[in-house]
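Fold and geometry: a report
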Amino acid sequence: MTKIAWVTGSSSGIGRSLVYRLVRDGYTVAVSARGTDALADLATAAPQHIRPFPLDVTDKAAVQAVTETIEASLGPIDLCVFAAGSYTRDYAAGFDSDRTRQMFDLNVMGTAQCLEAIMPRMIARKRGHIAVVASVSGYVGLPGAASYGATKAALNAMCEALYPELAAHGVKLTIVNPGFVDTPLTQKNDFPMPFLVSAEEAADSIADGLNTDRFEIIFPWKMAIAVRLLHALPHKLRFAITRRMLRPSGL
Ligand SMILES: NC(=O)c1ccc[n+]([C@@H]2O[C@H](COP(=O)([O-])OP(=O)(O)OC[C@H]3O[C@@H](n4cnc5c(N)ncnc54)[C@H](OP(=O)(O)O)[C@@H]3O)[C@@H](O)[C@H]2O)c1
């Protein structure tokens, strides 16, 4: 029987590469993002197996409606990957809480609304797998990523809290914490991005990780070691390192 996946944020970057990999793995994939043209273009690669369901995840009613429509047309969803997200840098000087709110609305509330729509269905079926894409920037407060890092830390905490209860209902939950991935999101960065991987490599790390029983998928391994070490340091040492990441615009 064909397995059904739903990937949000799938019109570009990590989500788009993951769709191709999931199709190779035998899934029919419902793809969601706001850009209808980009979704239609994505579907041309395998029209039978890539099915566009345009969606703005910040619209709660639309999330409920699209979840219903996907299951009515394709059948019960086996795997969800919630990757819709965005990132803008922010600094103490000129800090703008409107930017914080926008990132929370998309990265946290958009994901929460998707979880709200799919969890009761999977709990009722006593099966299913949900993966939430956060970031290594949720591990440590990094200069320039105050709001973005806060959204990704929130997703890590949310998933850690939901995991045991979902597991008791037979539903698997995975948190995905990527390091730097070469996508339109990071192509606007004008600073060195250590251990940068391609979107295809990221998709393979995610898809391979989803086939294990690990709660967390974190990659690449060098970045995983770096953020875990940084996180384990006392604040004095941690700030001695993060202070070196300050840039002229962040002073
Ligand atoms: N690239 C990295 O280094 C990196 C590292 C760690 C974590 N991540 C996370 O990985 C995820 C994917 O990032 P990416 O690098 O692949 O970025 P990307 O290429 O910019 O892709 C973002 C995707 O999210 C969609 N999206 C944006 N707003 C949306 C909304 N309101 N509703 C539905 N879809 C929306 C975009 O499509 P539309 O604009 O058409 O809606 C696009 O498909 C994000 O959650 C990001 O935070 C990325």
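Please read these numbers as outputs of a predicted model, since none were measured by experiment. (Residues numbered from 1 in each chain as written. Predicted model: local features only at pLDDT ≥ 70, side-chain atom pairs only at ≥ 80, totals over all residues. Heavy atoms only, no water.)

Let us now look at the sheet that holds strand β1 (residues 3-8). Taken in spatial order, the seven strands make up an open sheet running β3-β2-β1-β4-β5-β6-β9, and their pairing is parallel. The open sheet has two edge strands, β3 (50-52) and β9 (216-219), and neither has a second partner. Recorded for the sheet is a direction-independent mean angle of 20° between the axes of neighbouring strands. Judged from the four bridges that link them, β1 and strand β4 (residues 79-82) form a sheet pairing that is parallel. Looking at β4, one finds that Trp 6 is bridged to Cys 80. Of the strands in this sheet, β1, β2 (27-32), β3, β4 and β6 (172-178) are in contact with helix α1 (residues 13-24), which crosses β2 at around 160°. Seen against the sheet, helix α5 (residues 146-168) touches β5 (129-133) and β6 and runs at an angle of roughly 160° to β6. (Pairing = 2+ DSSP bridges. Helix = DSSP H or I, 4+ residues; strand = E, 2+ residues; numbered from the N terminus. Axes fitted to C-alpha atoms, helices over the stretch in contact; angles between N-to-C directions. Contact = heavy atoms within 4.5 Å.)

Another point: the layout of surface pockets. In this model, the largest pocket occupies a volume close to 1,300 Å³. Tyr 87, Ser 135, Tyr 148, Leu 185 and Thr 186 are, among the 50 residues lining the largest pocket, the residues nearest its centre. Counting only elements with at least two residues in the lining of the largest pocket, the list comes to α1, α5, α6 (184-187) and α8 (221-232). The biggest single contributor to the lining of the largest pocket is α8, with four residues. In this model, the second largest pocket occupies a volume close to 180 Å³. (1 Å grid on protein atoms, 1.4 Å probe; cavity = no way out; pocket = protein on both sides within 12 Å on 5 of 7 lines; lining within 4 Å. Points joined across faces, edges and corners; volume = space filled by probe spheres on them.)

A few words now on the environment of Gly 170. Among the secondary structure elements, Gly 170 is positioned in the loop between α5 and β6. Each residue touching Gly 170, except ones within four places of it in the same chain, is listed here: Lys 126, Arg 127 and Gly 128.

Around the ligand sit 29 residues, and of these Ser 11, Ser 12, Tyr 148, Val 181 and Thr 183 come closest. Residue Ser 11 places a side-chain N or O atom 2.7 Å away from an oxygen atom belonging to the ligand. One nitrogen or oxygen atom from the main chain of Ile 14 is found 2.8 Å from an oxygen atom belonging to the ligand. Relative to its free-state accessible area of 880 Å², the ligand is covered by the protein chains to the extent of 90%. Cavity membership is defined here by more than half of the atoms lying within 2 Å of grid points; on that basis the ligand lies in the largest pocket. At the level of elements, α1, α5 and α6 are the ones that each hand at least two residues to the shell around the ligand. If you tally residues by element for the shell around the ligand, the top one is α6, at three residues. (Near = heavy atom within 4 Å. Polar contact = N/O pair within 3.5 Å; in protein donor to acceptor, adjacent residues only side chain to side chain. Areas by Shrake-Rupley, 256 points an atom, 1.4 Å probe, with all protein chains shown as cover. Sits in = over half its atoms within 2 Å of the grid points.)

Note that every value here comes from positions in space, so none of it alone points to a role or purpose.
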